[in-house]
Amino acid sequence: MPDSNPVPSAIITPPRIADIHSPDDLKKLDIPELAALAEQCRREVINLVSINGGHFGSSLGVVELTIALHHVYDSPRDKIVWDVGHQAYVHKILTGRLGRMPSNRHYGGLAGFPRISESPYDAFGTGHASTSISAAAGIAAARDLAGGKEKVIAVIGDGSMTGGMAFEAMNHLGDLKTDVLVILNDNQMAISPSTGGLKNHLVNISLNKTYNRLRKLIWHSVSLFNNDLGNSAQKALHKIEDGIKAALTPGAFFEALGLRYFGPIDGHNMEQLVKALQEMKDLPHPKLLHVLTTKGKGFKPAEENQSKWHAHSGGFDTVTGKSLRTSAAPQQPKYQEIFGEALVELARKDIRITAITAAMPTGTSLDLFQKAIPKRFYDVGIAEPHAVTFAAGLASQGFKPVCAIYSTFLQRAYDQIIHDVAQQNLHVVFAIDRAGLVGEDGPTHHGTFDLSYLQPVPGMVIMAPADEQELRDMLYTALYQVNGPVAIRYPRGNGTGIELRPEFCAVEIGKAKTVREGSGIALLCMGNMVQKGLEAAEVLMENGIDAAVVNMRFLKPLDTSIIGEIAAKASHFVTIEENSAIGGLGSAVIDHLCTAGLKQPVLKLALPDAFVTHGHMDDLYRETGFDTPAMTLKIKEFYRPEGR
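For clarity, every value in this text was computed on a predicted model and none was experimentally measured.

Colleague: Please give an account of the side chain of Asn 187 that cites residues and values.
Modeller: Mapped onto the elements, Asn 187 comes out in the loop between strand 4 (181–186) and helix 7 (197–207). On the basis of relative accessible area, Asn 187 is assigned to the buried category, the value being 14%. Beyond its immediate sequence surroundings of up to four residues, Asn 187 is in contact with Asp 158, Thr 293 and Lys 295.

Okay, here's the thing in structure tokens:
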């Protein structure tokens, strides 16, 4: 007889995030367990950023996608490239780094972006946008040349997809015809998605093997019936299919590039994601899966204000998002805010002034311009080369374009700066934000090379303000005292708190300013390093060294007259700049001294010939020797006048 008291079904215990030590542990889980794990991962990211700070919205948006990828694919054998890498927090959690996540973006801890040197699961470093498809294509080509069988996946955000490099890569990938999966993570901010029942219907058809087999059977049957009719019918049906796709889905463009298009699918539906990835895994050609996600998913404040919660400094309630920080004294305005306000003020009086950003209106404070004068504001997307040449086009027609781009991202438009702007001597103003070290975002975002790569450009005027007032005046000067290309570099963070006067004053081009008199040794400082120089001079004075401090203001044209004047009474020079030691202020001063036949020795206090790590600015200054004790020690060791 059957047991009248059957044993009740076992209660399934959801997997614990702490039990996931590698992606292999995900292979054992079913769909409900994967979905339960997703909620734990999402909560882990929220808790982490609430304490630590970091990029936020993008990682919350790809929780299910990340879990599904590691469930279906065999990483690190299979290569997953994240674009941009700030969405890879859950990837790090699932690949053995959960215990180290509290160190994320801290000095000596995990990086905020994938890094090859950090983990074998990080297939490629991605701190800048639009690079993943190119990298994936190269990895796949290497696999093919070596006779490998591993899979290659590029996960690219819709913002990154606006960059021209992504389209160049897809165009080449279609020609290579190799096995690469591109996943378009569309958080519905840049690409308008298809919606409603039709979307789901097309997805089901696109991923249904029975449908694909049936379609092939129809082609074959028509062909057997009549060869001539078959060819004509196939062509006609193919055109009809293409027409339907072009009219009803965004996939026709990708198909034209040679990538088979699938989607869009719900990026928060674990069952759909796993099914789609499994269906596509064995397709041997380039393909693109369009996944719709919500930036900030699972954290209401981030869903409602996605721009604000793209990244956060931490210290907030994990439910309401309200700040938990105790009230502190008001901070000084940020340099970017001073710039944005000044530009709006000037543009209200001059209809020739336009503002251009490459997908960073908030970061550069050009959102102020966007709100005040929207018709003269241009956000070109993550497309720095286009931004620069677009600005050149405006300048060629008599407008005054101000192109505000982070130092690290302006590197991507170097050819356009030289060929399209400088060679034609066009009046484009480059507002170079985040110049110097930027802290926790690390080497992919430090702006440490702009002085070096701009100095050789003929006709380029390069200036750096020591404080907020100089930033305002230099912007005015750049717009009205210069006729060719001009760059103003200024740092990330808060200003000095100097009281601002309401009017703008022109700064004499190529003219430095002595801010502290001294004798024997002179500290020539660039931009925000003037304050560092003054601090060092005070300490040196306590040691009997009376150092002059000069605010150089301009790297190009260099104020050679003041150098000559100082050389008459100073036996030693020290240059201080938050830029690479190669090619910046120190190099320019040494070149001039050699040309002028002056023999004063020069100590260059600059960033090392290395990629500076991530961490708090105090830690980075200590590591690079930019803290006051280290600077003064180096200067004392260097300064050995006669009689000492």
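Colleague: Which residues make up unusual backbone geometry, and what are the values?
Modeller: Cis geometry marks the peptide bond from Asp 83 to Val 84; its omega dihedral reads 0°. With respect to the secondary-structure elements, Val 84 resides in the loop between strand 2 (79–83) and helix 4 (89–97). Note the cis peptide between Gly 263 and Pro 264, where omega equals 0°. Inspection of the secondary structure assignment puts Pro 264 in strand 5 (residues 260–266). Positive phi, close to 55°, is recorded for Lys 177, a residue that is not glycine. One non-glycine residue, Arg 553, adopts positive backbone phi at about 65°.

Colleague: Please give an account of the sheet that holds strand 17 (residues 554–556) that cites residues and values.
Modeller: Pairing within the open sheet is mixed, and its seven strands lie in the order 9-8-10-11-13-12-17. With one partner strand each, in any of the chains shown, strand 9 (377–379) and strand 17 form the two edges of the open sheet. Going from strand to strand, the sheet's axes swing by 20° on average, the running direction of each strand aside. Here strand 12 (residues 461–463) pairs with strand 17 via two bridges, running antiparallel.

Colleague: Describe the pattern of salt bridges, listing the residues and the values that go with them.
Modeller: Using the criterion set out here, one finds 25 salt bridges in the structure. Among the salt bridges present, the one from Glu 39 reaches Arg 42, with a minimum N-O distance of 3.3 Å. You can see Glu 39 and its partner Arg 42 sitting in helix 1 (residues 31–52), three residues apart, about one turn around the helix. According to the relative accessible area criterion, Glu 39 is partly exposed, its value standing at 48%.

Colleague: How would you sum up the packing of helix 3 (residues 63–72) against helix 4? Please name residues and give values.
Modeller: Any two packed helices are characterised by the angle at which their axes cross and by the distance between the axes. Contact geometry for helix 3 and helix 4: axes closest at 9 Å, N-to-C directions at 40°. If you check the angle between helix 3 and helix 4, you find them oblique. In this structure, helix 3 crosses over helix 4, and the sense of that crossing is right-handed. Packed against helix 3, whose contacting residues are Val 63, Thr 66, Ile 67 and His 70, the element helix 4 presents Val 90, His 91, Leu 94 and Thr 95 at the interface. A per-class count over the contact of helix 3 with helix 4 returns four nonpolar, four polar and no charged.

Colleague: Describe the sheet that holds strand 6 (residues 287–292), and please don't skip the residues or the numbers.
Modeller: In space, the five strands of this open sheet follow the order 2-3-4-6-5, with parallel pairing throughout. For this open sheet the edge positions go to strand 2 and strand 5, each flanked by a neighbour on one side alone. Along the sheet, successive strands turn relative to each other by an average axial angle of 15°, direction set aside. With five bridges joining them, strand 3 (residues 152–157) and strand 4 adopt parallel strand pairing. Across the sheet, the residue bridging to Ala 154 is Val 182, located in strand 4.

Colleague: Tell me about the environment of Ser 519, residues and numbers included.
Modeller: Its location among the elements puts Ser 519 in the loop between strand 14 (513–516) and strand 15 (520–525). Residues Ser 519 and Ile 566 lie 47 residues apart in sequence; the distance between their C-alpha atoms is 8.6 Å. Apart from the residues within four sequence positions on either side, Ser 519 is in contact with Asp 546, Ala 548, Lys 569 and Tyr 639.

Colleague: Residue-level account of the packing of helix 15 (residues 384–396) against helix 17 (residues 414–422), with values.
Modeller: Two elements in contact, helix 15 and helix 17, have axes separated by 9 Å at closest approach and are oriented at 10°. Our classification of the angle between helix 15 and helix 17 gives roughly parallel. Between helix 15 and helix 17, the residues in contact are Pro 385, Val 388, Thr 389 and Ala 392 and Gln 416, Ile 417, Asp 420 and Val 421, respectively. Considered class by class, the residues forming the contact of helix 15 with helix 17 number five nonpolar, two polar and one charged.

Reading the values: the criteria
Residues numbered from 1 in each chain as written. Predicted model: local features only at pLDDT ≥ 70, side-chain atom pairs only at ≥ 80, totals over all residues. Heavy atoms only, no water. Helix = DSSP H or I, 4+ residues; strand = E, 2+ residues; numbered from the N terminus. Buried < 20%, exposed > 50% of the residue type's maximum accessible area, 1.4 Å probe, protein only. Contact = heavy atoms within 4.5 Å. Pairing = 2+ DSSP bridges. Axes fitted to C-alpha atoms, helices over the stretch in contact; angles between N-to-C directions. Salt bridge = Lys/Arg side-chain N within 4 Å of Asp/Glu carboxyl O. Parallel < 35°, antiparallel > 145°, perpendicular 65-115°, else oblique. Left-handed = near helix turned anticlockwise from the far one by under 90°. Nonpolar A, V, L, I, M, F, W, Y, C, P; charged D, E, K, R; others polar.

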